[in-house]
Amino acid sequence: MVSRVIPVDPFDLVIFGGTGDLARRKILPGLFRRFKAGQIPEDSRIIGASRSDLSDDDYRRFTKEAIEEFIPEDERRNSPLDKFLDCLHFVTIDATGEAGWQQLSDKMRDNVVNAFYFSVAPSLFGALAERLHTYGIADAKTRIVVEKPFGRDLESARALNATLAEHFKETQIYRIDHYLGKETVQNLMAVRFANVLFEPLWNAQYVDHIQITVAETVGVGGRGAYYDKSGAMRDMVQNHLMQLLCLIAMEPPSRFDPDSVRDEKLKVIRALEPVQPYHIVRGQYDAEGDAPSYRQDAENPRSLTESFIALRVHVSNWRWAGTPFFLRTGKRLKARTSEIAVVFKDAPHSIFGQEAGTHRNILTIRLQPNEGMTLGVTIKEPGPGGMRLIDVPLDMTFADALPQEAEDVHDAYERLIMDVIRGNQTLFMRGDEVEAAWAWTDPIIDGWESRGEAPKPYEPGTAGPEDAMMLMMREGRKWREIKE
Ligand code: BG6
């Protein structure tokens, strides 16, 4: 296969929080994979920065261990691991003090792209941004990457945006939502905007409803302290599910450029109606056998935080008037699966009579696992026995349809970091988008907090609380099964 990997320009990437969990699990292994694919020039530098007292060699060892832990052995065999490790450097730095900053400044080169990944608590963003300027490390071409959580409500998100804006222009700020880097999420835009087939049907006239499910089997053990202050609404809906909803619901942008795409997404968020309390179901997982309950995981016996949420949402515009969007996400559910299902309306008139039953076309976009798309179509069951109708899938599982390309599917972080180096903000959230998302989320959270509502307990390994089923059943609709 001819490689379609286009190398990026040489760069200096500084990872603040370079010894943290995200660096170990995602950023460093992801960079290694791009290096191995030939996308990262050998004269690029990756500079870990944190309070740890490490030498360059210590950091190379740290990175090697991370790669061995998170990249399968067959992918590492005969790989240029040593060459990659040569790109790594380390600076011990005090984010809120002065130690290490001059050393960092000395290490940076003027003639390459420079980017700074803020993989640290948001409370440090201001201190980092300020020092990057004081020490003359950042200039007008510098890019900074910031991780979620981007605030915990509108007010804190505004404050963060204002802090960053003191030192950087919006075009320099890359707010990561890793869901936007997932292969199928981008494919969603290709399917919608590069085919004539779907767009005429993509509206309230033909679409009965849309379901977005992000189900996980893991609990919150290990990160209970963070999660308990956040909950599924802040941790998943305000960002990941909202982004998926935007891509499904938005109008076609006139060009595939960062601001055209983000302008359209912003319009969707602004068109979201407030959600009525009876259109929200919150849940919290129980204990099961030896597995702890949410409250045990969170070490908070009276926690009212939700580990599951289902919502019925409306996008108030001409395209979607009357078509509900059902969103749900949760921990410790039946299977790990993320999918979007566009459920089309019944045919206006059934010529085959009642016994043929009702059949609906459903376009399913699977983000994980087995990335791909399936369109359910109704056909005649083969053989004798009259006109019996069955639903069959037109299946495009990427790994089957495009085996070689599927191997080349990047982890979301790989793609997004390369986009930062390329200077492409299309798959990053703009400041006004994040604020609009919080502006919609805040009253929902305030509502249940002021009512003192407790989430409904649910059994692990299920599809969440029974009430979530009822959210759809009471209007004659049904969630799709959660399965891998
Ligand atoms: C993160 C959330 O942003 O996304 C986690 O904080 C969640 O709680 C994770 O588990 C899910 O990401 P993915 O890519 O595994 O679906």
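Look up a bit, the structure's there.
Here is what the cut-offs are and how they apply
- Residues numbered from 1 in each chain as written.
- Predicted model: local features only at pLDDT ≥ 70, side-chain atom pairs only at ≥ 80, totals over all residues.
- Heavy atoms only, no water.
- Helix = DSSP H or I, 4+ residues; strand = E, 2+ residues; numbered from the N terminus.
- Expected span 1.5 Å × (residues − 1).
- Bend = angle between axes of the 7 residues up to and from the residue.
- Buried < 20%, exposed > 50% of the residue type's maximum accessible area, 1.4 Å probe, protein only.
- Near = heavy atom within 4 Å.
- Polar contact = N/O pair within 3.5 Å; in protein donor to acceptor, adjacent residues only side chain to side chain.
- Areas by Shrake-Rupley, 256 points an atom, 1.4 Å probe, with all protein chains shown as cover.
- Nonpolar A, V, L, I, M, F, W, Y, C, P; charged D, E, K, R; others polar.
- Contact = heavy atoms within 4.5 Å.
- Axes fitted to C-alpha atoms, helices over the stretch in contact; angles between N-to-C directions.
- Parallel < 35°, antiparallel > 145°, perpendicular 65-115°, else oblique.
- Left-handed = near helix turned anticlockwise from the far one by under 90°.
- Pairing = 2+ DSSP bridges.
- Lys, Arg positive; Asp, Glu negative; His and termini not counted.
- Salt bridge = Lys/Arg side-chain N within 4 Å of Asp/Glu carboxyl O.

Undergrad: Looking at this model, I keep getting lost on helix α10 (residues 231-249). Mind explaining?
TA: Since the α-helix advances by 3.6 residues per turn, residues separated by three or four positions end up pointing in the same direction. Here α10 is 19 residues long and its end C-alpha atoms lie 25 Å apart, about the 27 Å a rise of 1.5 Å per residue gives. V237 marks where α10 bends most, by close to 50°. In terms of burial, α10 is a largely internal element, 19 of the 19 residues being buried.

Undergrad: Just to check I follow, could you spell out the site of the ligand for this structure?
TA: The full set of residues close to the ligand is K148, H178, Y179, K182, E216, R223, D235, M236, H240, K331, R336 and Q368. E216 places a polar side-chain atom, nitrogen or oxygen, 2.5 Å from an oxygen atom of the ligand. Considered on its own, the ligand offers 400 Å² of accessible surface; in the complex 81% of this is hidden by protein. Ranked by residue count, the leading element in the shell around the ligand is α10, at 3 residues. For the shell around the ligand, a count of residues per class yields 2 nonpolar, 3 polar and 7 charged.

Undergrad: What is the right way to look at the environment of A95 in this model?
TA: For A95, the location among the structural elements is in the loop between β3 (88-92) and α5 (101-107). The exposure class assigned to A95 is buried, which follows from its relative accessible area of 15%. Note: C-alpha distance between A95 and I309 (214 residues apart in sequence) is 36 Å. Once residues lying within four places of it in the same chain are set aside, the contact partners of A95 are W101, L124, A127, L128 and R131.

Undergrad: Sorry, what's going on with the side chain of T329 here?
TA: Mapped onto the secondary structure, T329 falls in strand β10 (residues 325-330). At 2.8 Å, the side chain of T329 forms a polar contact with the backbone oxygen of V214. For T329, the residues in contact, after removing those within four places along its chain, are V214, A232, M236, V237, L241, S307, F308 and I309.

Undergrad: Sorry, what's going on with the packing of helix α1 (residues 21-36) against helix α15 (residues 412-422) here?
TA: Each pair of packed helices gets described by two things: the angle between the helix axes and the distance between those axes. Look at α1 against α15: their axes get within 8 Å of each other, and the N-to-C directions meet at 70°. In terms of their interaxial angle, α1 and α15 are classed as roughly perpendicular. Viewed along their axes, α1 and α15 form a crossing whose handedness is right-handed. Facing L22, K26, I27, G30, L31, R33 and R34 of α1, the residues of α15 in contact are Y413, E414, I417 and M418. Taken together, the residues of the contact of α1 with α15 sort by class into 6 nonpolar, 1 polar and 4 charged.

Undergrad: What's the story with the sheet that holds strand β14 (residues 389-397) in this structure? I'm lost.
TA: To summarise the sheet geometry, strands pair through backbone hydrogen bonds and adopt either a parallel or an antiparallel arrangement. The 9 strands are arranged β14-β13-β12-β11-β7-β10-β9-β8-β15 in an open sheet whose pairing can be described as mixed. The open sheet has two edge strands with one neighbour each: β14 and β15 (456-458). Between one strand axis and the next, the sheet turns through 20° on average, direction left out of account. Sheet topology note: the strand β12 (residues 362-368)/strand β13 (residues 372-380) ladder contains 5 bridges and is antiparallel.

Undergrad: What exactly am I supposed to notice about the side chain of D228 here?
TA: In this structure, D228 sits in helix α9 (residues 224-228). As a buried residue without a salt bridge, D228 has its nearest oppositely charged side chain in K229, at a separation of 7.3 Å. Polar side-chain contacts of D228 include one of 2.7 Å to the side chain of N300. A polar contact is formed between the side chain of D228 and the side chain of S303, at a distance of 2.6 Å. Those residues in contact with D228 that sit more than four places away from it in its chain are Y294, A298, N300, S303 and T305.

Undergrad: Just to check I follow, could you spell out the sheet that holds strand β5 (residues 143-146) for this structure?
TA: Spatially, 6 strands are ordered β3-β2-β1-β4-β5-β6 in an open sheet, and the strand pairing comes out parallel. Each of the sheet's edge strands pairs with one partner strand only, and the pair in question is β3 and β6 (173-175). Within the sheet, the average angular offset between the axes of one strand and its neighbour, ignoring direction, is 20°. Strand direction decides the pairing type here: strand β1 (residues 11-16) and strand β4 (residues 113-118), joined by 6 bridges, are parallel.

Undergrad: Which parts of the structure should I look at to understand the pattern of salt bridges?
TA: Any two side chains of opposite charge can pair, on the condition that their charged atoms come close. Per the stated rule, a full pass over the model turns up 43 salt bridges. Measuring nitrogen to oxygen at the nearest pair gives 2.8 Å for the salt bridge that ties E69 to R24. Taken together, the residues E69 in helix α2 (residues 56-70) and R24 in helix α1 connect sequence positions 45 residues apart. Among the residues examined, R24 registers a relative accessible area of 25% and is labelled partly exposed. For the salt bridge of E453 with R451, the shortest nitrogen-to-oxygen distance reads 2.4 Å.

Undergrad: What is the right way to look at the packing of helix α7 (residues 154-165) against helix α16 (residues 431-451) in this model?
TA: Contact pair α7 / α16: the axes reach a minimum separation of 8 Å and the direction vectors enclose 165°. Considered as vectors, α7 and α16 are oriented roughly antiparallel to each other. For the element pair α7 and α16, the recorded crossing hand is left-handed. Where α7 approaches α16, its residues L154, A157, R158 and N161 are matched on the opposing element by G431, V434, E435, W438, A439 and D442. Of the residues that constitute the contact of α7 with α16, the class distribution is 5 nonpolar, 2 polar and 3 charged.

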